[in-house]
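So the chains spell out like this:
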Amino acid sequence: MERKNIAPGVRLFTHSTAQFKNAVVSLNITAPLDGDTSARALLIHLLARTGKDYPTVYDMNRKLASLYGAGLSASVKKIGEAQVLSLVLTCLDDRFALKGEKVLNEGIALLLDAFLKPDITPKGFKEENVAREKRLLIEKIDSERDDKRVYALTRMTEEMCRDEFYGTDRLGNREAISTLDGKELFRVWKDMLFTCPIQINITGNFDKAEAEKLFTDRFTALGRKTEDIAEIRTEFISEAYESRTVTEKQKVKQGKLVIGMRAGMTYEGDNFPALKIMTAIFGSGTFSKLFMNVREKMSLCYYCSARLIDSKGIITVESGVETENAYKALDAIRNELDAVRKGDFSDEIINQAKLSINDSYKSFSDSVIYIDMWATMQCNKADFRSPEDYAAQMKDVSREEIIVAANMVTEDTVFILESEAE
Amino acid sequence: MEKLIKNELLGEEYYEIDHASGLKIFVMEKPDYSGTFAMFGTKYGSVDTCFRIKGEESYTSVPEGIAHFLEHKLFESEELDAFERFAKTGASANAFTSFDRTCYLFQCADNWQENLEILLDFVKAPYFTEETVLKEQGIIGQEIRMYQDDPDWQVLFNLLRGLYHNNPVRIDIAGTVESIAEINAELLYSCYRTFYNNSNMALAVAGNVKKDEVIAIADKVLKKEEPVYYEQIIPEESDSAVTDYTEEDMGVDMPKFAIGYKCIPVEKDTVRDNLITNLALDVLLSKVSPLYCRLLDEGLINGSFGKEYFNGRGFSCLLISGESNNPEKVRNEIAAEIKRLQSEGISDEDFEISLKRMYGRDVFLFNDTDSLANNLVDSYFNGFGLFDTLDLYKSVAKAEVEAVIREKFNEKGCCLSVIK
């Protein structure tokens, strides 16, 4: 695995291996969470669905199918306070093509064209394509919010980060989406081409020198200038001033409890290894305190787990509980965190957390999709590090460092989705 | 007895072993992978609600959701539970129950030998007491509640209840809060004795492992078991649906739908049936089909649209699902397209493109150790081998796919389920 700069604001990640039956190639574009968030989310989906040479969805899908069921999809992530927009190609390795076709090269050409050669007129993107994507994006937002677990987590994040860019939905919002048109999207596309940092990931069986030349040529030809490339920063708030509880009622069978905490981080990577292990002991995995006590001993819920979002310096705890038990569960979760703060955990659980984290970092290299995902998660970081590099950081974390990390954590926002009596 | 089964095109091979204990074992050695995935499964799921061991006088009817309950309970033991044992190695372990199988699994980068020993040991060592059963009712009760709020889950089960009069595929895998309250230790042992015999199970291990070491661990942990033969009552099922429409209001912003066509379960040459039926669904409804693109352009479906040949022991149906503000219209357009294909047939071009697309997608399945182990167990339980589908691509004919379109889309057995 390696990463290098190939043009102003353009990086290329490569991992050449014959381990897999297909390759994954992705174009990852980073932008701030700002007034154009909705437009970019829509645009990336539009770019994946049609292009100059494949003006209808049918044309594009037939072309992909003819490449042995290649996939070209769009995805949008929030990494810290950056919106990361990806076009992802999954494509059969040429070795398995039945008639010796060069499938991967064609797939890569399709991916590059999707980004660089869209179907535009002098007035901008075609309105029929824009209209379709507006409907699809709004339906996607609605559908995600119909999942109560996602809804509760989104609402907690909105409340906790209401004065930060992080409170923005990665897909934008219905109102902004509904006002978009082809001309506006053309402006946003141009802006992406010339000002957004871009990372290309390629994982699979390919010739490295050839791939490097291909991508370097295409992106150098754009004429991007280093001084135009946007710098995207994330605001870290290390400590909560007070804990605020927000409740909502809906017609649900099971209530949801989500807690947002500030992790004490003041910059990306700050105290990361100790926090990662502390969070695991507290609530990630089946050995953790939340699983063993709140689920197994108290029998309060089916899931109750904690996650460290190090790109923003927050920890979230999620659980599904009966509404009448929500405050009982909240107390129990707080007690478990207090126990970690006081050092009330065994050396064995430290070891278990380290083993489990080590195992999951090591597992990345066995999946072409996970390797691509890993590279994408690193796209805003100044230096690329492999999963093994991360695993190595964990070894020397001491009990004392874990306790210190737990004591830096402060509760910020509690969101409870209550079930309304029917 | 062991066999080495190879596929030249993929350059892949695996061992199929009839172990002395009576267990079927599959091993796929992948030396270029760093990790290992293992799956230990039994042919036993939520549909197995009425059974007896051969020779017993009467059938036992068990509460809905007991297979899933048993899956949860097997993790427990008199001393350390299975999660605690896996925590000492760093592996991530899990399990799932479906309509007709229950599987236990782990994934790890290191210590696969130790993990395999734990997996075999805990699944073969049941320990249930009234007290631990009671505790689990609280946890599973919350799992059931969670699914009751999940519109994707509800739209499927409402459909199955709209399709099936009697077949137990219509019951929820986890049961209900009421049905699981009837479960006790004795019933759990009775299910365990019937279905967790080595002869009813399979183990698949894929990754950075050695076949001989896998066998040595099986030799150490597994005792020889005489096969248990059981009989089941599968209720009679007519070919018509219970209703052609079912609807539930869950207050969602984006309405969901599922359309089902009930089929007669196929028992012979299941591998061929699977491939030609999936090809029929692909030609009719996949992203390359004219119908899909038209429905998308007309604003009737979105990215969540999908289809599946949904079949298992004693049940079989074609399933089409998605989100739409006008599900009735989606159903009508699909029905019209089926009629058209029934009379006009499939063009050579459409057939070839679906064939190529599905072949590519099937090759993708050979990438990850989890899908390899999963598919080894799955194909064995379905009566074929891991490479059999790929081998069929050369011989499958368009006429067979056309026959599926003519025969399997039975209008009387169609139901539309909607969540609003």
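This is a predicted model, so every value here is computed, not measured. (Residues numbered from 1 in each chain as written. Chains lettered and ligands numbered in written order. Predicted model: local features only at pLDDT ≥ 70, side-chain atom pairs only at ≥ 80, totals over all residues. Heavy atoms only, no water.)

Engineer: Explain the pattern of salt bridges residue by residue, including any values.
Structural biologist: All names here are of chain A. Taken as a whole and assessed by the stated rule, the structure comprises 74 salt bridges over all chains. Here Arg244 ties to Glu159 by a salt bridge, and the two come within 2.8 Å at their closest N and O atoms. Taken together, the residues span a long stretch of sequence, with Arg244 in strand 9 (residues 244-250) and Glu159 in helix 5 (residues 148-160) at a distance of 85 residues. Taking the relative accessible area as the measure of exposure, Glu159 reaches 16% and is therefore buried. Linked through salt bridges whose partners overlap, the residues forming this network are Arg145, Arg155, Glu158, Glu159, Arg244 and Glu248. (Salt bridge = Lys/Arg side-chain N within 4 Å of Asp/Glu carboxyl O. Helix = DSSP H or I, 4+ residues; strand = E, 2+ residues; numbered from the N terminus. Buried < 20%, exposed > 50% of the residue type's maximum accessible area, 1.4 Å probe, protein only.)

Engineer: Explain the environment of Asn158 of chain B to me, and be specific about the residues and the numbers.
Structural biologist: All names here are of chain B. Examined against the element boundaries, Asn158 turns out to sit in helix 5 (residues 151-163). Measuring from C-alpha to C-alpha, the distance between Asn158 and Thr194 comes to 30 Å, with 36 residues separating the pair along the chain. The contacts of Asn158, once residues within four sequence positions are left out, are Thr246, Glu248, Ser417 and Ile419. (Contact = heavy atoms within 4.5 Å.)

Engineer: Tell me about the pairing of strand 7 (residues 92-97) of chain B, and please be specific about residues and values.
Structural biologist: Residue and element names in this part refer to chain B. With burial as the criterion, only one face of strand 7 is covered, namely that bearing Ala93, Ala95 and Thr97; the residues Ser92, Asn94 and Phe96 on the opposite face remain uncovered. Pairing of strand 7 with strand 8 (residues 102-108), which is carried by six bridges, proceeds in the antiparallel orientation. When the bridges of strand 8 are listed, Thr97 appears paired with Thr102. Connecting strand 7 to the antiparallel partner strand 8 that follows it, the hairpin turn spans four residues. (Pairing = 2+ DSSP bridges.)

Engineer: So what about the domain arrangement of chain B? Which residues, and what values?
Structural biologist: All names here are of chain B. Here chain B is described as being made up of domain 1 (2-232) and domain 2 (245-419). Contact with domain 1, which involves 51 residues of that partner, is made by 45 residues of domain 2. Summed over both sides, the interface of domain 1 with domain 2 buries roughly 3800 Å², with 71% coming from carbon and sulfur. If you look at where domain 1 meets domain 2, you find three salt bridges. Asp152 is paired through a salt bridge with Lys256; the nearest N and O atoms lie 3.5 Å apart. Viewed at the interface, domain 2 and domain 1 are joined by ten residue pairs in polar contact (both at pLDDT 80 or more). (Domains from an automatic or database assignment. Buried area = accessible area lost by both parts, 1.4 Å probe. Polar contact = N/O pair within 3.5 Å; in protein donor to acceptor, adjacent residues only side chain to side chain.)

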